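# Per-entry structural report
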Amino acid sequence: MSVATRSVSRRKAPNWLPYLLISPTLIIVLVFTAWPTVQAIYMSFFRQYLNIAKFRTPTFIGLRNYKELFTSPDFLQVLKNTTIYVLGTVPASIVLAFLFALLVNRAVKGIGLARLGFFYPTILPMVSAATIWMFFFTPDYGLFNTFLETFGYHGPENWLGNPHLALLAVMIVAVWKNAGYLMIFYLAGLQNLPEDVFEAASLDGASWWTQLWKIAFPLLRRTTLFVSTIAIIDAFQVVDHIFVMTQGGPSGASTVLLYYLWQVRFEDLNVGLASALTVVLIIIMLSITVTNFVLSEREGA
Amino acid sequence: MSHNRKAFVIVSLLLALSMVLAACGAKPTPTAAPATKAPAATQAPAATQAPKPTEAPKPTQAPAKPVTIEVYYPVAVDAPIAKILNGYIADFEKQNPNIKVKPVFSGGYGDVKTTIQTTIEGGGKPPVLAVMLAADLYDLVNAGYIVPLDDFIKSMPNGDAYINDFFPAFMANSKYDGKIWSIPFQRSVVTLYYNADLFEQEGIKPPDSWESLAEAAQKLTIPGKRWGIEWPSGWPYWLFQPLAIGNGQNIVKSPTEVVFDDPKVIEAVQFYIDLSHKYHAMPEGVQKNWGNAPADFAKGAAAMIVHSSGSLRGILSQAKFKVGVMAVPGKKPGTYATVTGGGNFYMLKGASPEEQQAAWKFIEFVTQPKYAADFSIKTGYIATRKSAYDTPEMKEYIQKVPQAGQLKDMLKYAGAELSCMNLGKVRNIFHKYLQAAYNGQMTPEEAMKKAQQEADKALEMFK
């Protein structure tokens, strides 16, 4: 009797149980990710300005929003800024994260303090962190300038107001904030590496550098894939510090894609154009993530 | 849930009781009932202070059913706004036992507006009241988020007098399409703060023209130690406006017309740049020092700053010297200019008539001279109504802090804050090119011409 029941349930279970188990996630993804995406794609073919009475009702205008985007100098500037921002912050954060992880992976006295120090920026809310950094970047007596002066540097001082430095300034904050977070994943990865491999390598006379580069790094490939994926997504999605530090300025010099999207949607109240921007953002993110995944899988094969 | 129900039962019981009482007592006199827990809905509270001559008795007709209204509210200055407002709400609820006011403190001005937008567009119910930027008027009307307030004003026994008691400069951004859309609440003006001790020491008179301003700034600059003047420009239109107005040409003309490329505006941009490039009295380029400027001034690292009047309290509490306040000098000797800023009460669409009535009552209550004065004293905002300056509290305060009275007197030089259709876009365009000029990426003339072109395009659809 009981055997029969069990076998029945075992046969039936695969039919619904997995779906039931993933359904909460699935529903959340469908409602909060998939559906808005579909909606954004749809709305990107319409003209809708919330702040113009006659254009409040959406009108179909085909690809005009996309045409407007790609002919707008502002948008091209934003794409350029975003490219610099992502290419500048992602590799730097990953390399730093890896170095931090190597540094704190050793069982030295007081290493807990170093770990805390590296991880600390992560638990600080971005808005508070950005506010603190704003004071660091203050011209004349800011900590950052004072720090650079100890190296004999007396260059441009007005970090956030200078069009050539504002983007760099927000990038520095992003790297500082992210590296500690990404370090956690490398640290976890490093601590899971099999000891015997390294022992064997040592016996064979492999240098520290060789061990690191030929053994540890390849073994951490999956971690790197994961870390780079979230780092890239973060780079596109975290713009809180830009709100606090530069408001995208001066003259749009530190405006990146998501900040621009916010401006178009919530300041200009231009729903159609904001939807087109959303679609562009989604396409960029999807292609980067997929490429990243495919490339690293191929390497592994 | 059960808590709510219990509250509802209690309130209903109180209501029923009040009816019985009202039926028993022939004519309830205001002083008859105890002030606390006054059950009668038609009861005015026992006034603890002498009634203000300028204030008419408030209509005491409370809604029959208990009403809860939400007020969304930003905190934009360094003052315990939440605590202050909660105090007013407690007073209000004591007088209006049937109305519950739920304040929702939601970040800065931008956050309040974004939250409300998202709520409305997501099909939710927005709060009945919100404090948003006075300059946001046109976008809010066009988006159909807010309701005009004329009917409520007309329903007052002295509606015209009520409105006329607000300083006209503060009402400038409330009227559109023949209607009144907002009631001034937390308002400020651009202020030139100067170190009066330092001026005296150096034998300099407070400036009364661009030239004397620049000379004073130059004279007071000690390279590497002290700037003659700091003039933040990270979010530049507001602090720039007094320069344009002081040269006889405001940058906004009508809801669909902005004036960026007028020679007088260009000259104003040039003057700002000259302060650093010609007189070397101000940091070069775009100054991201809105947060630091008051502290720099208070500790003597800047002899003058241009900032919000709302920073007065903070500056006075830190500065160890005599602080002077004045409007920004205009180009011609003896002329001055400033511009208003800050937030007004707006009533949002989607509320029931009862809720709207309750919300209006709250606006009336909290803008009374007594509260307007108290709010000004506690926060540093300028009291919105003339009669607030006749209250004994305010008179006493101004005796202690004469600067507060001087700020009010600056209102006569105030021009209208940049407010127009498509404000977000137009303002961003102006910022972009103004900063480009400040940073020397373009000449003032090039920059303002480009700004005008793009702004005209952004306003075209609204004509």
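Residues numbered from 1 in each chain as written. Chains lettered and ligands numbered in written order. Predicted model: local features only at pLDDT ≥ 70, side-chain atom pairs only at ≥ 80, totals over all residues.

Across its full length, chain B holds 19 helices and 14 strands. The buried share of chain B, taken over its 463 residues, is 49%. (Helix = DSSP H or I, 4+ residues; strand = E, 2+ residues; numbered from the N terminus. Buried ≥ 20, exposed ≤ 12 C-beta atoms within 10 Å, placed from the backbone.)

A separate point is the overall build of chain A. A count of helical and extended segments in chain A gives 13 helices and 2 strands. Over its C-alpha trace chain A gives a radius of gyration of 24 Å, far above what one expects of a compact globule, namely 19 Å for 301 residues. Restricting the contact set of chain A to residue pairs at least 6 apart, pairs at least 24 apart contribute 69%. (Rg over C-alpha atoms; globule rule 2.2 N^0.38 Å. Contact = placed C-beta atoms within 7 Å.)

Listed per partner, the contact involves 26 residues of chain B and 22 residues of chain A. Secondary structure elements with two or more residues in the side of chain B that touches chain A: α3 (109-121), α4 (137-142) and α18 (423-438) of chain B. Ranked by residue count, the leading element in the side of chain B that touches chain A is α18(B), at 7 residues. Grouping the constituent residues of the side of chain B that touches chain A by class yields 7 nonpolar, 15 polar and 4 charged. (Nonpolar A, V, L, I, M, F, W, Y, C, P; charged D, E, K, R; others polar.)

This part takes up the packing of helix α3 (residues 73-104) of chain A against helix α7 (residues 166-192) of chain A. Residue and element names in this part refer to chain A. Orientation of α3 relative to α7, taken along the N-to-C sense of each, is 40°, at an axis distance of 6 Å. Taken together, the axis directions place α3 and α7 in an arrangement best described as oblique. For the pair α3 and α7, the crossing hand works out as right-handed. The residue makeup of the contact of α3 with α7, split by class, is 20 nonpolar, 6 polar and no charged. (Axes fitted to C-alpha atoms, helices over the stretch in contact; angles between N-to-C directions. Parallel < 35°, antiparallel > 145°, perpendicular 65-115°, else oblique. Left-handed = near helix turned anticlockwise from the far one by under 90°.)

All right, on to unusual backbone geometry then. All names here are of chain A. Despite not being glycine, Gln247 shows a phi value in the positive range, around 50°. Counting through the fold element by element, Gln247 comes out in the loop between α11 (240-245) and α12 (257-267). Overall, Gln247 belongs to the buried group, with 21 C-beta atoms counted inside 10 Å. Positive phi is not limited to glycine here, since Ser251 has a value of about 50°. Residue position: Ser251 is located in the loop between α11 and α12. On the basis of neighbour count, Ser251 is assigned to the buried category, with 23 C-beta atoms found within 10 Å.

Turning our eyes to something else, we now look at the domain arrangement of chain A. Segmentation of chain A into domains returns domain 1 (1-33) and domain 2 (67-300). Taking only C-alpha atoms, the centre of domain 1 of chain A and the centre of domain 2 of chain A are 39 Å apart. (Domains from an automatic or database assignment.)

Our next topic: the nonpolar core. In terms of nonpolar packing, the biggest core is built from 195 residues, with Ala97(A), Tyr186(A), Ile69(B), Ala130(B), Ala217(B) and Ile229(B) touching the most fellow members. Looking at which element gives the most residues to this core, the answer is α7(A), with 14 residues. The contact partners of Tyr186(A), leaving out residues within four places of it in the chain, are Ala97(A), Phe98(A), Ala101(A), Leu220(A), Thr223(A) and Val227(A). (Core = buried A, V, L, I, M, F, W, Y, C linked by C-beta atoms within 7 Å.)

All names here are of chain B. In a regular helix each residue adds 1.5 Å, so 17 residues correspond to 24 Å; helix α19 (residues 444-460) covers 24 Å between its end C-alpha atoms and thus fits that length. Along α19, the residues that are buried comprise Pro444, Ala447, Met448, Ala451, Gln452, Ala455 and Ala458. The arc that holds every buried residue of α19, seen down its axis, measures 135°, which confines them to one face. α19 presents Lys457 and Glu460 as exposed residues on the side facing more than 90 degrees away from its buried surface. For α19, the elements touching its buried residues are β9 (257-258), α11 (263-277) and α18. (Expected span 1.5 Å × (residues − 1). Arc of directions from axis to C-beta.)

What follows is about the domain arrangement of chain B. Residue and element names in this part refer to chain B. What the domain assignment reports for chain B is domain 1 (63-187 + 342-402) and domain 2 (190-339 + 412-460). Between the C-alpha centres of domain 1 and domain 2 there is a distance of 29 Å. Each partner contributes residues to the interface: domain 1 has 18 residues there, and domain 2 has 16 residues. Ranked by residues supplied to the side of domain 1 that touches domain 2, first place goes to α4 with 4 residues. Tallied by class, residues from the side of domain 1 that touches domain 2 come to 12 nonpolar, 3 polar and 3 charged.

Residues and elements named next belong to chain B. Burial runs high along strand β3 (residues 129-133): 5 of the 5 residues are buried. With 2 bridges connecting them, strand β1 (residues 67-73) and β3 associate as parallel partners. Bridge pairing links Val71 to Leu129 in β3. (Pairing = 2+ DSSP bridges.)

Residues and elements named next belong to chain B. Locating Gly330 in the fold gives a position in the loop between β12 (328-329) and β13 (336-347). Overall, the presence of 22 C-beta atoms within 10 Å leaves Gly330 in the buried class. When near neighbours in sequence (up to four residues on either side) are disregarded, Gly330 contacts Ser209, Gly246, Asn247, Thr335, Tyr336 and Ala337.

Residues and elements named next belong to chain B. In the predicted model, chain B carries a mean pLDDT of 86, and 86% of its residues have values of at least 70. The least confident element of chain B, judged by mean pLDDT, is helix α1 (residues 2-24) at 41; the most confident is β12 at 97. Here residues 1-60 scores under 50 on pLDDT; set against residues more than four positions off or in separate chains, the count is 48 contacts. Taken over the whole predicted complex, pTM reads 0.83, whereas the ipTM for its chain interfaces reads 0.84. (pLDDT = per-residue confidence, 0-100.)

The next point concerns the environment of Thr384(B). Residues and elements named next belong to chain B. With respect to the helices and strands, Thr384 occurs in the loop between α15 (369-379) and α16 (392-400). On the neighbour-count criterion, Thr384 (23 C-beta atoms within 10 Å) is buried. Remark: the alpha-carbon pair of Thr384 and Pro168, spanning 216 residues in sequence, is separated by 9.4 Å. Apart from residues lying up to four places away in sequence, Thr384 is in contact with Phe166, Phe167, Phe170, Pro184, Phe185, Arg187, Thr367 and Ala372.

This part takes up the environment of Gln247(A). Distance from Gln247(A) to Tyr259(A), taken between C-alpha atoms, is 8.5 Å for residues 12 residues apart in sequence. For Gln247(A), the contacting residues outside a window of four places in its chain are Gly234(B) and Trp235(B).

In this section: the packing of α3(A) against helix α4 (residues 111-123) of chain A. How two helices pack is summed up by the angle between their axes together with the distance between the axes. Residues and elements named next belong to chain A. Packing of α3 against α4 leaves a shortest axis separation of 9 Å and a crossing angle of 165°. In terms of their interaxial angle, α3 and α4 are classed as roughly antiparallel. α3 and α4 meet at a crossing whose hand is left-handed. Contacts between α3 and α4 involve Phe100, Leu103 and Val104 on the former and, on the latter, Ile111, Ala114, Arg115 and Phe118. Here the contact of α3 with α4 is built from residues that sort into 6 nonpolar, no polar and 1 charged.

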